[in-house]
Amino acid sequence: MAERHYPHPLIDRYASSEMAAIFSPRMQALVWRDLWIALAEEERALGVEIPNDAIVAMHAAREQIDLDRIAVIERDLRHDVMAHVHHFGEVAPEARKYIHLGATSAFVGDNHGLIQHRQGLDIVRDRLLGTIEDLAAFAREQAAEPTLGYTHLQPAQPVTIGKRACLWLQDLLFDLEQIEAVRAELRFRGARGTTGTEATFLELFDGDGEKVDRLNERLAARFGFAGTYDVIGQTYPRKVDHRALAALAGIGASTARFGHDIRILQAFGEIEEPFGKQQIGSSAMPYKRNPMRSERICALARHLCTLELDASWTASVQWFERTLDDSANRRISLPEGYLSADALLILARNVSAGLVVHPAVVARRLGRALPFMVTEEILIAGVRGGGDRQDLHERVRGHALAARERLDEGAEDNDFFARIAADDAFGLGMEDLRALADPHRLVGRSARQVERFLTTRIDPLFEAADAPRPAEEVRV
């Protein structure tokens, strides 16, 4: 009964229906039938005696799929591919003897897996571009706005909000490059036989190896691949799975970094993720505005990052031409990798497009720490005024510690500048000190760096007329 089935959160709550459809049982059945039809047609075109009536029957029955019937057959045969072969033969009896001719299970399983990789990578690439576009708009808007920088999560030299956003953006750009590289390297498995030697197909074509090559070239082209892998065992190299999941795990790392930073900034009160008018932050504390989207990003990213290890382990234990302990694992790890990345990028784009900056809080937090960040400038100014550097250093140290202690005891304002201005040894007034501590001066080339990064690295991604701007399926 359906109500007794485990509702997978990635499908029911987080990922898009578009991504979930790639891994659905019906889509699998349809692609497998497309592969069998293509195999039979290309074999016939190359001289194998397969009647045209069989081809016509396969086409006519392509969509006559009864998943319940296939499940019944599989319970008896204990073989998923053969259950599909038998059912296809039931609905296309004229073709029954020619379905799967010369092929092993990996012909449909692995070629379909490579098609799934390509489809999944295409969706992920488009979602990455959408997230990058929205985050770039935020970075451009906040390019010159000073904010307190942090190293070791302790106050450090000021940066700008836009400069910080470019750190998140650059991570996503690295991910985009990896996704595109993995996508470009995909090849077809083709019709290669039980151990990759093509012996069965060599027999089928009466020893004509050129026809075997042509068969694989035609199959690869038919399904949109730039050829087949040079050598395989029974399966395509499981390093392909690892490369794909490593690229997806990179997205997990990047979005988690973004999510963690937003959570901390929201705790500071400086920047918030979007919060709906009817949204409830807590069942017990109605005043709360929890960063639930960013928390979900971090949660899902943690799972995605672990899947790279899963794939590397699987690739390491293939045992000569292949072993079957990859099958059950890949049924879980590959779909979950793509579904997780899909869900993460939907969330990350939603957050990026709705970030709310609280300038007064940003300025107040920066203002509390700013006086301590110009101590070297104060020393230099004091020496230029005739003071002794070592004496001035000790005075600065004493004033700074006293001001810090006052802040730690609950003071709202930092009186470090007032202490320096009152010390005649420095010869500096409050206006002098405020000029030294102008945050726009202290952020260095932040705004210029933002402009250059966006102009040279991000904008070109969207300059082409056909650059994808995918519609977001919002499930956040």
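Residues numbered from 1 in each chain as written. Predicted model: local features only at pLDDT ≥ 70, side-chain atom pairs only at ≥ 80, totals over all residues. Heavy atoms only, no water.

Novice: Kindly report on the environment of Gln170, identifying the contributing residues and their values.
Specialist: Topologically, Gln170 is positioned in helix H8 (residues 161-185). On the accessibility criterion, Gln170 (33% relative accessible area) is partly exposed. Sequence separation of Gln170 and Asp53 is 117 residues, and the distance between their C-alpha atoms is 56 Å. (Helix = DSSP H or I, 4+ residues; strand = E, 2+ residues; numbered from the N terminus. Buried < 20%, exposed > 50% of the residue type's maximum accessible area, 1.4 Å probe, protein only.)

Novice: Talk me through the pairing of strand S1 (residues 146-151); I want residue IDs and the actual numbers.
Specialist: With five bridges connecting them, S1 and strand S2 (residues 154-160) associate as antiparallel partners. Pairing of Thr147 across the sheet is with Val159, part of S2. Counting the residues between successive antiparallel strands, the hairpin from S1 to S2 contains two residues, one of them, His152, with a positive phi of roughly 60 degrees. (Pairing = 2+ DSSP bridges.)

Novice: Pulling in residues and values, what's your account of the packing of helix H12 (residues 292-316) against helix H13 (residues 327-353)?
Specialist: Interaxial distance between H12 and H13 falls to 9 Å at its minimum, and their mutual angle equals 150 degrees. Our classification of the angle between H12 and H13 gives roughly antiparallel. In the crossing of H12 with H13, the sense of the turn from one axis to the other is left-handed. In this structure, H12 uses Arg293, Ser294, Arg296, Ile297, Leu300, Ala301, His303, Leu304, Leu307, Asp310 and Thr314 to contact H13, whose residues at the interface are Asn329, Ser333, Glu336, Gly337, Ser340, Ala341, Ala343, Leu344, Leu347, Ala348, Asn350 and Val351. Looking at side-chain class alone, the contact of H12 with H13 contains 11 nonpolar, eight polar and four charged residues. (Axes fitted to C-alpha atoms, helices over the stretch in contact; angles between N-to-C directions. Parallel < 35°, antiparallel > 145°, perpendicular 65-115°, else oblique. Left-handed = near helix turned anticlockwise from the far one by under 90°. Contact = heavy atoms within 4.5 Å. Nonpolar A, V, L, I, M, F, W, Y, C, P; charged D, E, K, R; others polar.)

Novice: Please provide a residue-by-residue account of the side chain of Thr235, values included.
Specialist: The residue Thr235 is located in the loop between helix H10 (209-222) and helix H11 (239-268) in this model. Setting aside its immediate chain neighbours within four residues, Thr235 contacts Asp110, Arg189, Gln318, Glu321 and Arg322.

Novice: Tell me what's going on with the pattern of salt bridges, and back it up with residues and numbers.
Specialist: A full pass over the atoms with the stated rule returns 34 salt bridges. We note a salt bridge from Glu63 to Arg62, for which the minimum N-O separation is 3.4 Å. You can call Glu63 exposed: its relative accessible area is 51%. When its relative accessible area of 22% is taken as the criterion, Arg62 is described as partly exposed. Across the pair Arg395 and Asp391 runs a salt bridge whose closest N-O atoms are separated by 3.1 Å. With Arg395 and Asp391 both in helix H16 (residues 389-408) and four residues apart, the pair spans about one turn of that helix. Linked through salt bridges whose partners overlap, the residues forming this network are Arg26, Asp34, Arg62 and Glu63. (Salt bridge = Lys/Arg side-chain N within 4 Å of Asp/Glu carboxyl O.)

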